[in-house]
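Structural overview for review
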Amino acid sequence: MTKPVVTMALCSILGLLVATSAPAAGRPCADAVITDWTDGRVDGRYRPACYAEAIDALPEDVRAYSTAVDDISRALRERIRETRGPDSTAGEPASSDDPLLAAAEATPSDALPAALVWSALVAGLLVLAGIALAAIQLLRRTRVTHRHTGPVGQW
Amino acid sequence: MVLALASPAAATPQVRYGVQDDAWLIYGPGSIDERVGKLHRLGVEIVRFQIRWDEVARRRPRNARNHRDRAYDWRLVDPVVRGLRRNRMETVLTIVGTPRWANGGRRYNWAPTSRRSFANFIAAVSRRYPWVRKWTIWNEPNQRDWLRPTTARVYVERLLNPAYAELRRTVRGVRVAGGMSAPRAGSGGVSPVAWIRGLRAAGARLDAYAHHPYPLRPRLETPWRGACRVCATITMAELDRLIREVRRNFRGKRIWLTEYGYQTNPPDRFLGVRPRLQARYFGSVARRVYVAPLVDMLINFMVRDDPAPSGWQSGFFTSSGQAKLAYRAFRLPVTVAARRGRTVRLWGQIRPRAGARLYRLERFERGRWRRFGGVGRTDARGFFRVTVGLKRRLVVRVWSPRDRAGSVALRLG
């Protein structure tokens, strides 16, 4: 295989690795809440949306035969109270008392998580760099080959 | 160190220790006779088996009370129930699940629309298996996943009382348990405390109240401690609450604990406890129900772990068939019953076989198990109590010479 192709291939693989190693949107967040809960209490602090995602992600046996739903919901309510402050609920419409609705409202629906954006950028840059390097090497090789072959008929 | 061998337990309680694992009984390795033989070697005394009405009677039978009606399909049930009988294993049958033709085309968890349809099926089952004396009606009806509408009145009027009347009429010496509650209400359900009271208000007829006292915070709760004092849940740590409610609402009736267990991690990383802790709890819970009044049976849920992560992993074997510490712990449960200064009293049972059984104590010293004290003899049910005097820390186990097997090790002192 030629050097430029190898270079391009290597940079593309590196770019892919960076892209796929980026955390999938939401999953580790929900996993972290559930893992935190396993001692019966959610001690850490997470984005409000993580608590709702954790409840959705609970395995069936945990949902039916444990207090996980109640415990995580309670932790979500406490987290919302913390983020909003002591007087923030005064005068708000009744619908936002629902902690799950509040968590949904707190998360912009179309925004990608920051980690995913940065990973995509880095991966894209790596691929472009690989293409550029390969192009440069190809140009150099063409010039060298042209110098060595010379005019036809010399031999 | 002084060892005193106490006399066998003065009174023999009625509690029976058993298992439930429908999938393993139906589809497990080997023949049904081999599987039941394995249960005997484990020391299992009673097996709970669930019959799905919606699977046996997918089509409406012409004569619903006749078990030979062509609409009935007993192919998965017959080998298990007859195999249990052939191998002299006591059986508790649970009937659950409504066929679509009996509830207006709905899912299995919707109650039948008529009071007669369930009673007719009970009649058919009891005629097909007339030797079965212990029955439980439905499964966890206080949760929406198992019964809708989720009310005590629907359960009593359309399921429990019709079944109770039918069984009383057809089976001599029958004992019927109702309630069958899960330890908590779940979403849209009814708490077990409210369920027991609701059953009484609806005029429930039963010989025993059945409940599933799973731990709801398994990493915090033991079979004795960790109960929620202000909740309407009932776990094993809250057994006193169940006894109180049954005495208050169903005076003179017994208690059957028809499902229980701790899952292990691995593989269940959310609810599982370490395998050694699961094993230790077998001894602890065995004594819990032994000393509790009214309790006639304790059924461990699962023999072999479910391979699906969202399933249950509270068995004696992993999903690939490897024995966990729980296997030894179920066969030879042992626990510390009391401590006083340098004296420790152990309580336990040698479960396999019948009649008085021999046992001895061994201590782990310099890399080997060494016997100490004499050979003890259990009571007729295999129970024993023994007092150990400690001069230093000890790791001990109970050894059954006849079974050539030891209990899980206990650290004393």
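Up top is the structure these notes are about.
Parameters at a glance
- Residues numbered from 1 in each chain as written.
- Chains lettered and ligands numbered in written order.
- Predicted model: local features only at pLDDT ≥ 70, side-chain atom pairs only at ≥ 80, totals over all residues.
- Heavy atoms only, no water.
- Buried < 20%, exposed > 50% of the residue type's maximum accessible area, 1.4 Å probe, protein only.
- Helix = DSSP H or I, 4+ residues; strand = E, 2+ residues; numbered from the N terminus.
- Pairing = 2+ DSSP bridges.
- Right-handed = clockwise from strand over helix to strand, strands pointing away.
- Patch = residues over 30% accessible without salt bridge, like charges linked within 9 Å, V, L, I, M, F, W, Y side chains within 5 Å.
- Areas by Shrake-Rupley, 256 points an atom, 1.4 Å probe, with all protein chains shown as cover.
- Salt bridge = Lys/Arg side-chain N within 4 Å of Asp/Glu carboxyl O.
- Phe/Tyr/Trp six-rings, centres within 6.5 Å; stacked < 30°, edge-to-face > 60°.
- Lys NZ or Arg CZ within 6 Å of the ring centre and 35° of its normal.
- Core = buried A, V, L, I, M, F, W, Y, C linked by side-chain atoms within 4.5 Å.
- Contact = heavy atoms within 4.5 Å.
- Disulfide = S-S within 2.5 Å.
- Axes fitted to C-alpha atoms, helices over the stretch in contact; angles between N-to-C directions.
- Parallel < 35°, antiparallel > 145°, perpendicular 65-115°, else oblique.
- Left-handed = near helix turned anticlockwise from the far one by under 90°.
- Nonpolar A, V, L, I, M, F, W, Y, C, P; charged D, E, K, R; others polar.
- Buried area = accessible area lost by both parts, 1.4 Å probe.
- Polar contact = N/O pair within 3.5 Å; in protein donor to acceptor, adjacent residues only side chain to side chain.

On to the pairing of strand β6 (residues 175–181) of chain B. Residue and element names in this part refer to chain B. Counting buried positions over the 7 residues of β6 gives 6, a clear majority of the element. Both strand β5 (residues 134–137) and β6 contribute to a ladder of 3 bridges, which runs parallel. By the bridge assignment for β6, T136 is matched with A177. For the crossover from β5 across helix α6 (residues 152–170) to β6, the handedness is right-handed.

Residue and element names in this part refer to chain B. Of all the 7 residues making up strand β14 (residues 383–389), 5 are buried; the element is thus mostly covered by neighbouring parts of the structure. In this sheet, β14 lies alongside strand β11 (residues 343–349) in antiparallel orientation, the contact comprising 7 bridges. Paired with V344 across the strands is V388, a residue of β14.

What follows deals with a nonpolar patch on the surface. Residue and element names in this part refer to chain A. Residues L125, L128 and I131 make up a contiguous nonpolar surface patch of roughly 300 Å² in combined accessible area. Along the chain, L128 falls in helix α7 (residues 114–149). Judged by relative accessible area, which is 56%, L128 ranks as exposed.

Aromatic ring pairs are defined here through the distance separating the ring centres and the angle between the ring planes. Residue and element names in this part refer to chain B. Across all of its chains, the model carries 28 aromatic pairs over all chains by this definition. Ring geometry for F317 and Y327: centres 5.4 Å apart, planes at 50°, overall tilted. Pair noted here: F317 is in the loop between β9 (295–301) and α10 (325–331) and Y327 is in helix α10, with a separation of 10 residues, a long-range link. Residue classification places Y327 among the buried positions, given a relative accessible area of 19%. The rings of W53, Y72, W74, W101, F118, F121, Y129, W131 and W138 are connected pair by pair, giving a single aromatic cluster. Here the guanidinium or amino end of K38 rests over the ring plane of F317, the centre of that ring lying 5.1 Å away.

All names here are of chain B. Counting 111 residues, the largest nonpolar core has Y17, L39, I51, I137, Y155, L199 and F316 as the members making the most contacts within it. Among the elements that line this core, the one with the most residues is α6, at 9 residues. Those residues in contact with Y155 that lie beyond four places of it in its chain are I137, W138, P141, L147, L160, G178, G179, M180, W195 and L199.

Let us now look at the state of the cysteines. All told, the structure shown has 2 disulfides over all chains when counted by the stated rule. With a sulfur-sulfur separation of 1.6 Å, C29(A) is cross-linked through a disulfide to C50(A). Taken together, the residues span a long stretch of sequence, with C29(A) in helix α2 (residues 27–37) and C50(A) in helix α3 (residues 48–57) at a distance of 21 residues. Here C228(B) engages in a disulfide with C231(B); their sulfurs sit 1.8 Å apart. Given an S-S torsion of about 70°, the disulfide between C228(B) and C231(B) has right-handed geometry.

Here we come to the sheet that holds β9(B). Residue and element names in this part refer to chain B. With parallel pairing, the 8 strands of this closed barrel are ordered in space as β2-β3-β4-β5-β6-β7-β8-β9. For this sheet, the mean inter-axis angle between neighbouring strands, taken without regard to orientation, is 25°. Direction of pairing for strand β4 (residues 90–96) relative to β5: parallel, over a ladder of 4 bridges. Across the sheet, residue I95 finds its bridge partner in β5, namely I137. Contacts from helix α5 (residues 115–128) reach β3 (46–52), β4 and β5 within the one sheet, and its direction differs from that of β4 by about 155°. Helix α9 (residues 275–291) rests against β2 (16–20), β8 (254–260) and β9 of the sheet, and its axis sits at about 160° to β9.

With that out of the way, let us pick up the packing of helix α2 (residues 32–42) of chain B against helix α4 (residues 78–86) of chain B. All names here are of chain B. Where α2 meets α4, the axes come as close as 9 Å, and the angle between the chain directions of the two elements is 55°. By the angle class used here, α2 and α4 are oblique. Note that α2 runs across α4; the crossing there is right-handed. Listed contacts from α4 to I32, D33 and V36 of α2 are P79, V80, G83, L84 and R86. Tallied by class, residues from the contact of α2 with α4 come to 5 nonpolar, 1 polar and 2 charged.

With that settled, consider the interface of chain A and chain B. Counting from both sides, the interface comprises 19 residues of chain A and, opposite them, 21 residues of chain B. Summed over both sides, the interface of chain A with chain B buries roughly 1600 Å², with 52% coming from carbon and sulfur. Interface area lost by chain A to chain B is led by T38(A), D61(A) and Y65(A), which between them contribute 42%. Our count for the contact surface shared by chain A and chain B stands at 3 salt bridges. Here chain A and chain B share 8 residue pairs in polar contact (both at pLDDT 80 or more) between them. When contributions to the side of chain A that touches chain B are tallied by element, the ones reaching two or more residues are α2, α4 (60–65) and α5 (68–84) of chain A. With 6 residues, the single largest contributor to the side of chain A that touches chain B is α4(A).

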